[in-house]
Amino acid sequence: MNTPFVYQDIEEILSRYEKEETPLLCILEDIQEKWGYLPRDVLGYVARRLGIPSSTVYGVATFYAFLEVRPVGKYVIRVCKSTPCHVRGATDVLEALKRELGIREGETTKDGKFTLEVTSCLGVCGVAPAMMVNDVTYGNLTEERIREILALYRE
Amino acid sequence: MAKTLREVAEKAQAVSLVTVTIDGREVRVPEGVTILEACRMEGIHVPTLCYLEGLSAWGGCRICMVEVEGQPNLVASCVTPVREGMKIWTSSKKVREARKTNLELLLSNHPLDCQLCDRNGSCELQELAYQFGVREIRFQGERKVYEVDQSSPSVKRDPNRCILCGRCVRTCREIQTVCAIDFANRGFDTVISPSLGLPLGESVCVNCGQCILACPTGALSEVSHVEMVWEAINDPEKFVILQTAPAIRVSIGEPFGLPPGTVTTGKMVAAFRRLGFDRVFDTNFAADLTIIEEGHEFIARLKQGGKLPLITSCSPGWIKFMEHFYPELMENVSTCKSPQQMFGAVAKTYYAQKLGIDPKDMVVVSIMPCTAKKFECQRDEMCASGFRDVDFSLTTREAARMLKEKGIDLKEMPEEDFDDPLGISTGAAAVFGATGGVMEAALRSVYEILTGKTLERLDFYSVRGMDGVKEATVDINGMEVHVAVAHGLGNARKVLDQVKAGRSKYHFIEIMACPGGCIGGGGQPIPTNLEIRMKRIEAIYQVDRSLPLRKSHENPAVQRLYEEFLGEPNGERAHHLLHTHYVPRERM
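Worth saying up front: this structure is predicted, and the values here are computed from it rather than measured.

Examining the overall build of chain B
So, step 1. The number of helices and strands found in chain B is 19 helices and 17 strands.
So, step 2. In terms of overall dimensions, chain B is globule-like: its C-alpha atoms have a radius of gyration of 25 Å, near the 25 Å expected for 588 residues.
So, step 3. In terms of principal-axis extent, the alpha carbons of chain B reach across some 80 × 55 × 50 Å.
So, step 4. Counting every position in chain B, which comprises 588 residues, the buried fraction comes to 54%.
So, step 5. Contacts in chain B between residues at least 24 apart in sequence constitute 74% of all its contacts with a sequence separation of at least 6.

Okay, here's the thing in structure tokens:
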């Protein structure tokens, strides 16, 4: 994560979507995949190359919970705060994570390992409350289970 | 695009009518108009917040909700077209409750400190709360807390006062095509943000201030110079000179209750003299001077095969726009400073010498219809006199507030004249305030200078009015000179793209950043809308017609300035004091 970016790499990503009419989201996803987040200068570059205002690109990049405009930790924890999870105790889940990690929402631990975020519905309401750690989804969360999950990543 | 009422009326003649019932009254309205427009045509001004005439309708604020019989939910009238037979209720119990609830929800996340707000008295949210009789807010919860963005020299952003109606975003995008701001984040965290989350001062914002005119609340306002000007006025060591832009005399009456389009030149002069300025001068003097310099620049380019088309440079919003988006056209832009800056450079050299005053003790204040003028007077290049040529620039709104603070009612003032010599001007300078004015003034002088003949018909009607792009062809000594005029940066783009592509036939182009020209500037009284803009434009031409001299080159004070001090137009001294250069800027 946080590899220094070069514009050749971005050009390569842009070339993947040359035929798309509305390629912005795909491009942003690929850039994040490669560098872990969307650096400001890269957003400006993408805007210029696509011929759309950078304010629009920034609006899209900040709208989606899964896109990051700031550098993030190795593992991004996204706690679902949609209604079903809320009813089933998402607030307690978030509090437990804050306590365990010693950070607040939107922050990254000092060792650069974890970033804590909230997100809207993950689509797994059946196992609410839920969260994701990078690409893996965890449901039926309790304080104890959170400690177990974190332990997996702390190795 | 939403339609202006004029367009609605035109459409009404072209399309068939449908019958709808509004509050039990059967009416015939043009097919395709929205419920909101239909209601307004019937004299019912459904309350709105996110809707603004001239912008696309968004339907986000849910204040304009109305009830349509047979539909389970209330509909947003600004985005719902009328249909034959529709039965609309605009103030039923359900409608009133919904509107009031939505307003309370907006207010529950809004600072309730109207006394401390720039827009106290001209705030639409405040007005609606009064009209709806809101006396308590039933909802309490988390409040947003943001830092006030004071990074721009012109526009202050206070996101705490923002209700996210998006009118500024749509103005910046649809009218100006600058796109400096947009919605960022999501849900409760949604905020209007300059591009890439940068401070506004580091963005592509051109400081035109049209967003301020669009803002219903105090989220956007000008960066105030009021305190600095009071300090200068109250400092006995300082000789404080005022210049008033062409557009001020036709708009400053409005904050004092005079109808839009009232010419208040004499009263305005009297009022500012009483405010404590040592001299009350006229930017119009410098507008005449600008025409001499720019006219000669144009003639020189025509004769010597210089870069054409020549593009005017009076509008600092347009200049910054060019620096960001059209740097390749930089050589086309006139090197003339704007009248505001020419005035400052002349005041602190020629006039200071005349009076025997050290220019360091001189303070030049301008009253401008413009927020970009604050940025312009702080540009590095604007120190030709060896000092800041213009120290402070007030908007019309700020100037009116200072008069009120002192207890001066403009309406009660006698008629007085500007001071001599920098207060003398012609009708050509007066029309600078309206779109097409600089072009018209330039043509009056260029024609006579080139042909040596007297121009019989001074009025160039084809460059006047609110059409976005206007053009004219003038026969000068057998040569067809093609000119174009654009106002509002979206319209400017249309002309500039032609020039860029080499498909432009024009020799001379006038561009003003704001719709209507300076009379519609971002520093003008609120409200500033199409109707008010047109009334101010009428007043501008009234000023022109009323003046004995109507051509810049006939201005005796300007002639004297060249004889006594500047030498030749476009000469060395004139070049040093009255001309400038531009810098390419990032497009981010």
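Some points on the pairing of strand β15 (residues 469–476) of chain B
Residues and elements named next belong to chain B.
So, step 1. In this sheet, strand β16 (residues 479–487) lies alongside β15 in antiparallel orientation, the contact comprising 8 bridges. What sits directly across from Val469, in β16, is Ala486.
So, step 2. In textbook terms, the turn of a hairpin is the stretch between consecutive antiparallel strands, and for β15 and β16 this stretch comprises 2 residues, one of which, Asn477, has a positive phi near 50°.

Focus on unusual backbone geometry
So, step 1. Put simply, Ala128(A) and Pro129(A) share a cis peptide bond, and its omega is -5°.
So, step 2. Each neighbour pair has its own omega, and for Ile526(B) with Pro527(B) the value is 5°, a cis peptide bond.
So, step 3. Phi is positive for Thr177(B), close to 50°, though the residue is something other than glycine.
So, step 4. Structurally, the position occupied by Thr177(B) is in the loop between α5 (167–175) and β7 (181–184).
So, step 5. Phi angles above zero are rare outside glycine, and Asn477(B) is one such case at about 50°.
So, step 6. Here Asn477(B) is to be found in the loop between β15 and β16.
So, step 7. Judged by local crowding, Asn477(B) falls into the exposed class, with 10 C-beta atoms found within 10 Å.

As for the sheet that holds strand β4 (residues 136–138) of chain A
All names here are of chain A.
So, step 1. Taken in spatial order, the 4 strands line up as β2-β1-β3-β4 in an open sheet, and their pairing is mixed. Unpaired on one side and paired on the other, β2 (114–119) and β4 mark the two borders of the sheet. Neighbour-to-neighbour, the strand axes of this sheet turn through a mean angle of 20°, independent of strand direction.

Regarding the interface of chain A and chain B
So, step 1. At the junction of the two partners, chain A supplies 13 residues and chain B supplies 14 residues.
So, step 2. Only α3 (40–50) and α4 (54–63) of chain A provide two or more residues apiece to the side of chain A that touches chain B.
So, step 3. Sort the elements by how many residues they give to the side of chain A that touches chain B and α4(A) lands first, with 7 residues.
So, step 4. Tallied by class, the residues present in the side of chain A that touches chain B amount to 5 nonpolar, 6 polar and 2 charged.

Examining the UniProt feature "binding site: [2Fe-2S] cluster" (unreviewed entry) in chain A
Residues and elements named next belong to chain A.
So, step 1. In the numbering used here, UniProt assigns the "binding site: [2Fe-2S] cluster" (unreviewed entry) feature to Cys80, Cys85, Cys121 and Cys125. Considering the C-alpha atoms alone, the annotated residues occupy 46 residues of sequence yet fold into one spot, their largest mutual distance being 9.4 Å.
So, step 2. Within the secondary structure layout, Cys85 lies in helix α5 (residues 83–87).
So, step 3. Take Cys85: there are 28 C-beta atoms within 10 Å of it, and that puts it in the buried class.
So, step 4. The contact partners of Cys85, leaving out residues within four places of it in the chain, are Cys80, Ala90, Ala128, Pro129 and Ala130.
So, step 5. Among the structural elements, Cys121 can be located in the loop between β2 and β3 (131–133).
So, step 6. Here Cys121 falls in the partly exposed class, since 14 other C-beta atoms lie within 10 Å of it.
So, step 7. Excluding residues that lie within four positions of it along the chain, Cys121 makes contacts with Cys80 and Ser82.

Thoughts on the domain arrangement of chain B
So, step 1. Under the domain assignment, chain B is made up of domain 1 (1–91), domain 2 (104–222) and domain 3 (226–578).
So, step 2. Look at where the C-alpha atoms of domain 1 of chain B and domain 3 of chain B centre, and you get two points 41 Å apart.

Side note on helix α2 (residues 24–35) of chain A
Residues and elements named next belong to chain A.
So, step 1. Taking 1.5 Å as the rise per residue, α2 with 12 residues should run 16 Å; its terminal C-alpha atoms sit 16 Å apart, in good agreement.
So, step 2. Taken together, the buried positions of α2 are Ile27, Leu28 and Ile31. Seen along its axis, α2 keeps its buried residues to an arc of 95°; they face one direction.
So, step 3. Buried positions along α2 lie against α1 (7–16), α3 and α4.

Describing the UniProt feature "domain: 4Fe-4S His(Cys)3-ligated-type" (unreviewed entry) in chain B
So, step 1. UniProt's entry tags residues 94–133 of chain B with the feature "domain: 4Fe-4S His(Cys)3-ligated-type" (unreviewed entry), counted in the numbering of this structure.
So, step 2. Annotation note: span residues 94–133 of chain B, helix share 57%, strand share 0%, distance between end C-alpha atoms 16 Å.

Focus: the sheet that holds strand β12 (residues 310–311) of chain B
All names here are of chain B.
So, step 1. Pairing within the open sheet is mixed, and its 4 strands lie in the order β12-β17-β16-β15. Both outer strands of the open sheet, β12 and β15, are each paired with one neighbouring strand and no more.
So, step 2. Sheet analysis places β12 next to strand β17 (residues 508–512), joined by 2 bridges and oriented parallel. Note that in β17 the partner of Ile311 across the bridge is Ile509.
So, step 3. Relative to β15, helix α15 (residues 437–451) is tilted by about 10°, and along the sheet it contacts β15, β16 and β17.

Focus on the environment of Tyr153(A)
Residue and element names in this part refer to chain A.
So, step 1. Within the secondary structure, Tyr153 sits in helix α7 (residues 143–154).
So, step 2. Expressed as a C-alpha distance, the spacing of Tyr153 and Cys121, which sit 32 residues apart in the sequence, is 23 Å.
So, step 3. Once you skip the residues sitting within four places of it in the chain, Tyr153 turns out to touch Tyr75 and Val133.

About the criteria used
Residues numbered from 1 in each chain as written. Chains lettered and ligands numbered in written order. Predicted model: local features only at pLDDT ≥ 70, side-chain atom pairs only at ≥ 80, totals over all residues. Helix = DSSP H or I, 4+ residues; strand = E, 2+ residues; numbered from the N terminus. Rg over C-alpha atoms; globule rule 2.2 N^0.38 Å. Buried ≥ 20, exposed ≤ 12 C-beta atoms within 10 Å, placed from the backbone. Contact = placed C-beta atoms within 7 Å. Pairing = 2+ DSSP bridges. Axes fitted to C-alpha atoms, helices over the stretch in contact; angles between N-to-C directions. Nonpolar A, V, L, I, M, F, W, Y, C, P; charged D, E, K, R; others polar. UniProt positions renumbered as here; feature names shortened; annotations may be inferred. Domains from an automatic or database assignment. Expected span 1.5 Å × (residues − 1). Arc of directions from axis to C-beta.

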